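Here is how the chains run, residue by residue.
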Amino acid sequence: MSTSVLFIGLDAAESTLIHRWAEQGHLPNFKRLQEKGTWGKLRNPMDTLPGSIWPEITTGISCGKLAQFYHPKQIHTGEAHSRPLTVEDVDPEAFYWAVASRNGKRVAAVDMPQTIAVPDLNGIEVREWGLHDRNFKIGSQPPQLIQEMNALYGEHPVQGHACDTMADSHGHGMLLDALLQGSSAKADMLVDLLQREHWDLFTCVFGETHCVGHQLWHFLDTTHPHFEPSAHQRLRNGIREVYANIDQGIGRIIEAAGPEAQGLVLASHGMRMFTGGPNLLPEFLERMGMGSGGPDSLTNRLRRLHNTTRYLPWSVKQLLRPALRFSALRRLQRSIGASLDPLESSSTRAAAVQNNRVGAIRLNLKGREPFGRVNPGAEARGVVEEIRTALFELEQHQGGEKIVLQALAAEEAFGGHYHPDVPDILVVFRRDLGPLETCWSRRVGHVQAKINSPGYPRTGDHSNETHLWATGPGIEKGGQISGGNVLDIAPTILAALQIPIPAAIDGSPLQLWL
């Protein structure tokens, strides 16, 4: 069977490695894409709301409008306690395959990150079968398709965030084997589905590049503090081995799509050394007198206790579950006048919120937060400037280098109109100083907070590299993409399908065709 438009995503694959290994002959299909097609770097939200990278790709709508930036635990305006994004928070009609479906196109979508079911889809979906981030629920359309895929190819051997616990307790070699097995099964599944019928649009993502980069980075990066020169060569080459296995799968998928397919291959966002920085913000704000609760406060001790239970053996968790249940911890804190989330207290002026590789701070604003403390307008602007000034004073404890590269107010990052869930200050830390676990300034003194924990053993974290390769009839051979953005992916796909671009989309079609 043939496909009109094919999209293949590699979640959190480091494109600089792809280019290097393609030139060295380890990734022959990427080498072919570079020689026979057009490719280049795209801009992305990795220095503002990095967790919005896939929502921007799949919708073409700016992260400042969507405000889907930390799916596992995000503040929602009007709520004081962080919680996961739910299906009610996501509009499935905005996905580009949903738009294509509404315009009469036959579509297939397999493992598109951070997405939910599209109602009445003209086609098929497989959701969260083999992704690094499983924020919603494994499923499919039609419902029986996921059972069929599991019967044919098995369940993915790495279940969601299990890559953290596998690397920690079972060893990196076992994790590497599982990722290779999973990426091979994914390629088999995709080729199978491609060959079942003609697809106007076939869109899919490999998630194994995400997991292997988080867990095996220190085996590759000789500058990493945890680099192991005596490690087995297979682990030293583990990331390359997973990329090469997926490269083989990409070749099979492109062949199965047929010679007339317009193909887009995207390395969504990259991977480098895990250097941190956001981990310092809670104690920094506490020392600023913002009342967010430092890392040694009762609030954060109980929060860490709750999080640690996720990584205990099942039998131990069953014994401790009544005492360590999240709701029980919240009742305990309230009984002694403490709060689990900083924004649940009217004494808080500003609090650090989760935002992946970029630090984020939210004011406890009156009229927006249930326990608001800071008045909108002049007072809020004053608090923002006070915090920003103090951020730029932070230095390495040894060496004296400034550690903050940018501290953007929301309106500077997104203009005058942005979603109220967006953090008020975005903090970009330097990534050239190694892991940031301590800092100092005259104003706040010495601040210390680790970036890792026993349940979070990652050595790689995301970079801001996004690269796109395009191939197929009418695509310039050896061409270069310049000035593009990940917001342009969705409209480019819709334009290739000759579908009008919805007004809500912020991106524009890339000029890929001659």
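Just so it is clear, the structure is predicted and the values come from calculations on it, not from any experiment.

Side note on the environment of glycine 479
Along the polypeptide, glycine 479 turns up in strand β17 (residues 479-485). C-alpha of glycine 479 to C-alpha of leucine 512: the two residues are 33 residues apart in sequence and 8.5 Å apart in space. Setting aside chain neighbours within four positions, we find glycine 479 in contact with Gly37, Thr38 and Trp39.

Side note on the pattern of salt bridges
The final tally for this structure, using the stated rule, is 29 salt bridges. Measuring nitrogen to oxygen at the nearest pair gives 3.1 Å for the salt bridge that ties glutamate 14 to arginine 272. Remark: arginine 272 occurs in strand β8 (residues 272-273) and glutamate 14 occurs in the loop between β1 (3-10) and α1 (15-23); sequence separation between them is 258 residues. Residue classification places glutamate 14 among the buried residues on the basis of a relative accessible area of 0%. Two residues, arginine 272 and glutamate 465, come together in a salt bridge whose shortest N-O distance is 3.9 Å. Highlighted residues: arginine 272 in strand β8 and glutamate 465 in the loop between β15 (460-461) and β16 (467-471), separated in sequence by 193 residues. By sharing partners, the salt bridges in this structure join Glu14, Lys41, Arg272 and Glu465 into a single network.

Describing the sheet that holds strand β6 (residues 199-206)
Taken together, the 9 strands give an open sheet; going across it, the order is β5-β4-β3-β6-β1-β7-β16-β2-β17, and neighbouring strands pair in mixed fashion. Edge strands, defined here as strands with exactly one partner in the open sheet, are β5 (139-141) and β17. Put simply, the sheet's adjacent strands are angled 10 degrees from each other on average, direction ignored. Pairing analysis gives 6 bridges linking β1 to strand β7 (residues 262-267), with the strands arranged parallel. By the bridge assignment, phenylalanine 7 is partnered in β7 with leucine 264. The strands touched by helix α2 (residues 28-36) within the sheet are β1, β2 (38-43), β7 and β16, with β16 carrying the most contacts at an inclination of about 70 degrees.

Brief notes about the nonpolar core
Ranked by size, the top nonpolar core spans 64 residues in total, and within it Phe30 and Phe202 carry the most contacts. Among the elements that line this core, the one with the most residues is helix α8 (residues 172-194), at 12 residues. Once residues within four sequence positions are removed from consideration, phenylalanine 30 is found in contact with Leu10, Ile18, Ala22, Asp247, Ile250, Val265 and Trp469.

Some details on the confidence of the model for the protein
In this model, the protein carries an average pLDDT of 90, and 89% of its residues clear a pLDDT of 70 or more. Scored below 50 in pLDDT, residues 294-298 makes 14 contacts in the model with residues more than four places away or belonging to other chains. Across residues 333-339 the pLDDT falls below 50, and counting only partners more than four positions away or on other chains, this stretch makes 12 contacts in the model.

Some thoughts on the packing of aromatic side chains
Here the structure, examined in full by the defined rule, presents 6 aromatic pairs. Each ring, one from tryptophan 21 and one from tyrosine 243, has its centre 5.5 Å from the other, and the planes form 80 degrees; the classification is edge-to-face. Of this pair, tryptophan 21 sits in helix α1 while tyrosine 243 is found in helix α11 (residues 238-257), placing the two residues 222 residues apart along the sequence. Neither tryptophan 21 nor tyrosine 243 differs from the other in exposure class; each is buried. Relative to tryptophan 97, the ring of phenylalanine 95 lies with its centre 4.9 Å away and its plane at 20 degrees, an arrangement referred to as stacked. Its relative accessible area of 3% is what places phenylalanine 95 among the buried residues. Connected via pairs of aromatic rings, a cluster forms that spans Phe7, Phe95, Tyr96 and Trp97.

Brief notes about unusual backbone geometry
A cis amide bond links glutamine 141 with the next residue in sequence, proline 142, at an omega value of -5 degrees. With respect to the helices and strands, proline 142 occurs in the loop between β5 and α6 (144-153). Phi is positive for glutamine 114, close to 60 degrees, though the residue is something other than glycine. Turning to its location among the elements, glutamine 114 is positioned in the loop between β3 (107-110) and β4 (123-127). Looking at glutamine 114, the relative accessible area reads 10%, which means it is buried. In this structure, glutamate 128 is a non-glycine residue whose phi angle is positive, near 60 degrees. Structurally, the position occupied by glutamate 128 is in the loop between β4 and β5.

Reading guide: rules and limits
Each chain has its residues counted from 1, following the order in which its sequence is written. The predicted origin of the model limits local features to residues at a pLDDT of at least 70 and limits the giving and counting of side-chain atom pairs to 80 or more, whereas totals for whole chains, interfaces and linings rest on all residues. To obtain the side-chain values, all non-hydrogen atoms of the structure were used and water was disregarded. The secondary structure listing takes helices from DSSP runs of H or I that are at least 4 residues long and strands from runs of E that are at least 2 residues long, numbered from the N terminus. When checking whether two residues touch, look at their non-hydrogen atoms; a contact exists if any pair is within 4.5 Å. A pairing counts as a salt bridge when a side-chain nitrogen of Lys or Arg comes within 4 Å of a carboxyl oxygen of Asp or Glu. Summary of the burial criterion: residues with accessible area below 20% of their type's maximum are buried, those above 50% are exposed, and those between are partly exposed, where the area comes from a 1.4 Å probe applied to protein chains only. Only strands joined by at least two bridges in the DSSP assignment are considered to pair. An axis is simply a line fitted to the C-alpha atoms; with a helix, the fit covers only the stretch in contact. Between two such axes, the angle follows the N-to-C directions and lies from 0 to 180 degrees. Throughout this description, the term nonpolar core refers to a set of buried Ala, Val, Leu, Ile, Met, Phe, Trp, Tyr and Cys residues connected via side-chain atoms within 4.5 Å. pLDDT is a per-residue confidence score from the predictor, ranging from 0 to 100. Here is the rule: rings of Phe, Tyr and Trp (six-membered ring for Trp) pair when centre to centre is within 6.5 Å. Planes less than 30 degrees apart are stacked, more than 60 are edge-to-face, and the remainder are tilted.

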